[in-house]
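Structure assessment
Residue strings, one per chain:
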Amino acid sequence: MSLHRYDIRALYGDYIRAGLGMVATIAPIAFVRPDWPIAMMLGSIGLLCFYFVAQTYIRHRTVVGIDDEGIFMRGLHTVSFRWTELSRFNLNYYSLRRDRLNGWMELTVKSGTREITFDSRLEDFVTIVRRAHVAAKANQLTMNAITQANLLALRIY
């Protein structure tokens with residue numbers, strides 16, 4: 001059994017951006033007391049930043065475990081299934097820039113209604129992708145062209 005977590009250093013940027021967003025939107029409401037339309041707009045943005053902090057905290061506390069039998073993810077909820085039950089395997093790449101640099105990958109594995117999704121900031125992400133890929137091949141799952149291209153980018157054949 002191997003356990004994998006998100007390293008705090010990989011999440012610092014998310015914590016800082018969301019925290020600064022909260023301060024930048026809540027502080028004017030507290031100290032300047034703007035008119036209600038402005039206060040509502042700032043408060044809404046502040047709530048969105050709070051949601052982002054909460055999501056980052058949940059990701060920080062998430063643990064993914066794999067072994068020869070299956071996979072589990074323990075975070076806000078616990079989800080687990082056996083590799084023989086794997087029914088979907090998708091590996092996507094996301095980038096915020098047109099040059100497609102500095103992006104991240106996201107793996108989604110599914111069994112029936114149970115789904116596990118995590119991104120490439122997870123420790124030993126490639127190891128988990130390799131193991132899930134072996135299970136997907138063993139279960140004869142078809143993989144879309146995007147997943148195949150992303151596997152090649154990770155040098156998983």
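For the structure, check the block above.
Let me sum up the structure you'll find in this document. Note that the structure is predicted; figures quoted are calculated from it, not measured. (Residues numbered from 1 in each chain as written. Predicted model: local features only at pLDDT ≥ 70, side-chain atom pairs only at ≥ 80, totals over all residues. Heavy atoms only, no water.)

1. Things to note about helix α4 (residues 145-153)
The condition is simple: For the exposure calls, accessible area comes from a 1.4 Å probe over protein chains only, and a residue counts as buried if that area is under 20% of its type's maximum, exposed if over 50%, partly exposed in between. By definition, any uninterrupted DSSP run of H or I lasting at least four residues is a helix, any uninterrupted run of E lasting at least two residues is a strand, and each is numbered from the N terminus. By arc we mean the arc of the directions from the helix axis to the C-beta atoms, nothing more. We call two N or O atoms a polar contact when they sit within 3.5 Å, provided that within protein one can donate a hydrogen and the other can accept it, with sequence-adjacent residues counted only if both atoms are side-chain atoms.
Listing the buried residues of α4 in full gives Thr147, Asn150 and Leu151. Looking down the long axis of α4, one finds its buried residues gathered within 105 degrees of arc, a one-sided arrangement. Turned more than 90 degrees off the buried face of α4, the exposed positions are Ala145 and Ile146. Residue asparagine 144 occupies the N-cap position of α4, its side-chain oxygen lying 3.2 Å from the main-chain nitrogen of isoleucine 146. Two residues or fewer after α4 comes arginine 155, characterised by a positive phi angle close to 65 degrees.

2. Structural notes on the pattern of salt bridges
Keep this limit in mind: For this document, the term salt bridge refers to a Lys or Arg side-chain nitrogen within 4 Å of an Asp or Glu carboxyl oxygen.
One pass over the structure, following the stated rule, counts eight salt bridges. Aspartate 119 is the partner of arginine 59 in a salt bridge, and the nearest nitrogen-oxygen pair spans 3.5 Å. Taken together, the residues arginine 59 in helix α2 (residues 36-61) and aspartate 119 in strand β7 (residues 114-119) connect sequence positions 60 residues apart. What emerges from the salt-bridge pattern is a single network uniting Asp14, Arg17, Arg59, Asp119 and Arg121.

3. Section: the side chain of threonine 56
Put simply, the rule is: Note on contacts: a residue pair qualifies if any of its non-hydrogen atoms lie within 4.5 Å across the two residues.
Structurally, threonine 56 is set in helix α2. The buried category is assigned to threonine 56, whose relative accessible area is 0%. When near neighbours in sequence (up to four residues on either side) are disregarded, threonine 56 contacts Leu11, Asp14 and Tyr15.

Spatial relationships are all this shows, so hold off on functional conclusions.
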